[in-house]
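Here is what each chain is made of, one letter per residue.
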Amino acid sequence: MENEKHTVQEDDLEIVEIAEFKRSDGYQQVSRQKEWEEDRRLKLYGIAALFAIGVLAEVLLGIFAFHLPATLVLIVLALEAAAAVLLYDMRIWVQVAEVVIGLIAGIVFGRLALMILGAIVFLGALLAFYGAKHL
């Protein structure tokens, strides 16, 4: 009888140990998930900040260095960023065609500097989306 009490207590102790192990492992998994999400969020903020700084630099370059109208620069850069959003999942040749068509339009209309800035924004937006998707 004493032997039966001893085994019951040992079984209860094993159940408690297993429960504690499960709780601690779950806690570690949740904390790792939170750390991963925090790290991913910081990387996303870094990518967005880098893209925003690049666009701001290109706007200032277009306005002050190339003496282009501010509205024209902002509209073209916004359209190029929108085109990057729309063409992100397309094949690479479609994206290259968009850049080439933009550069040809810049040559034809005498605004090559503006379209080069637009192409840089387009490529920067594509890289930002790629970086955000593959973190």
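Calculation criteria
- Residues numbered from 1 in each chain as written.
- Predicted model: local features only at pLDDT ≥ 70, side-chain atom pairs only at ≥ 80, totals over all residues.
- Heavy atoms only, no water.
- Helix = DSSP H or I, 4+ residues; strand = E, 2+ residues; numbered from the N terminus.
- Buried < 20%, exposed > 50% of the residue type's maximum accessible area, 1.4 Å probe, protein only.
- Contact = heavy atoms within 4.5 Å.
- Areas by Shrake-Rupley, 256 points an atom, 1.4 Å probe, with all protein chains shown as cover.
- 1 Å grid on protein atoms, 1.4 Å probe; cavity = no way out; pocket = protein on both sides within 12 Å on 5 of 7 lines; lining within 4 Å.
- Points joined across faces, edges and corners; volume = space filled by probe spheres on them.
- Nonpolar A, V, L, I, M, F, W, Y, C, P; charged D, E, K, R; others polar.
- Salt bridge = Lys/Arg side-chain N within 4 Å of Asp/Glu carboxyl O.
- Axes fitted to C-alpha atoms, helices over the stretch in contact; angles between N-to-C directions.
- Parallel < 35°, antiparallel > 145°, perpendicular 65-115°, else oblique.
- Left-handed = near helix turned anticlockwise from the far one by under 90°.
- Lys, Arg positive; Asp, Glu negative; His and termini not counted.
- Expected span 1.5 Å × (residues − 1).
- Arc of directions from axis to C-beta.

Student: Can you help me understand the overall build of the chain in this one?
Tutor: Of regular secondary structure, the chain possesses four helices and zero strands. In sequence order, the chain lays out its α and β elements as α-α-α-α. For the chain, buried positions account for 21% of its 135 residues. Restricting to contacts in the chain with at least 6 residues of sequence separation, those with at least 24 account for 68%. Carbon and sulfur atoms make up 69% of the accessible area of the chain, which amounts to about 10100 Å² in all.

Student: In this structure, what is going on with empty space enclosed by the protein? I would like to understand it.
Tutor: Empty space left among the atoms is revealed by rolling a probe the size of a water molecule over them. Under the counting rule described, the total for this entry stands at one cavity of 30 Å³ or more. Looking at the largest cavity, its volume works out to about 40 Å³. What lines the largest cavity is simply E80, E98, V99, G102, L103, M115, G118, A119 and F122. Mapped by element, the contributors of at least two residues to the lining of the largest cavity are helix 3 (92-109) and helix 4 (112-133). Residue composition of the lining of the largest cavity, by class: five nonpolar, two polar and two charged.

Student: Explain the pattern of salt bridges to me, please; I cannot follow it from the model alone.
Tutor: If the charged atoms of two oppositely charged side chains come close together, the side chains can form a pair. Summed over all chains, the structure comprises three salt bridges. Ionic pairing is found between E38 and R41, a salt bridge with its closest N-O pair at 2.3 Å. Here the residue E38 and the residue R41 both occupy positions in helix 1 (residues 2-65), the gap between them amounting to three residues, near one helical turn. Overall, E38 belongs to the partly exposed group, its relative accessible area being 34%. On the basis of relative accessibility, which here comes to 36%, the residue R41 falls in the partly exposed class. In this structure, K133 and D89 form a salt bridge, with 3.9 Å as the shortest nitrogen-oxygen distance. With K133 in helix 4 and D89 in the loop between helix 2 (70-87) and helix 3, this residue pair connects regions lying 44 residues apart in the sequence.

Student: For this particular structure, what's the right way to read the environment of L56?
Tutor: The residue L56 is located in helix 1 in this model. Along the backbone, L56 and L74 are 18 residues apart, and their C-alpha atoms lie at a distance of 9.8 Å.

Student: Any chance you could explain unusual backbone geometry here in plain terms?
Tutor: Phi is mostly negative for residues that are not glycine, and the peptide bonds are mostly trans. Its identity is not glycine, yet H67 carries a phi of approximately 55°, on the positive side. Note on placement: H67 falls in the loop between helix 1 and helix 2.

Student: Which parts of the structure should I look at to understand the packing of helix 3 against helix 4?
Tutor: Each pair of packed helices can be described by the angle between their axes along with the distance between the axes. As a packed pair, helix 3 and helix 4 sit with axes 7 Å apart at the nearest point and diverge in direction by 165°. The orientation of helix 3 with respect to helix 4, classified from their angle, is roughly antiparallel. Crossing geometry of helix 3 relative to helix 4 is assigned as right-handed. Contacts between helix 3 and helix 4 involve Q95, E98, V99, G102, L103, G106 and I107 on the former and, on the latter, L112, M115, I116, A119, F122, L123 and L126.

Student: Please clarify how the side chain of E98 should be interpreted in this entry.
Tutor: Positionally, E98 belongs in helix 3. This buried residue, E98, is left without a salt bridge; R111 holds the nearest opposite charge, at 17 Å. Once residues within four sequence positions are removed from consideration, E98 is found in contact with E80, A83, L87 and F122.

Student: Whenever I open this one, helix 2 confuses me. Can you help?
Tutor: Its 18 residues place the ends of helix 2 26 Å apart at the C-alpha level, agreeing with the 26 Å of an ideal helix rising 1.5 Å per residue. Regarding helix 2, the residues found buried are V73, V76, L77, E80, A83, A84 and L87. All buried residues of helix 2 project into a common sector of 120° when viewed along the axis, lining one side. What points out from helix 2, more than 90 degrees from its buried face, is the exposed set T71, I75, L79 and L86.

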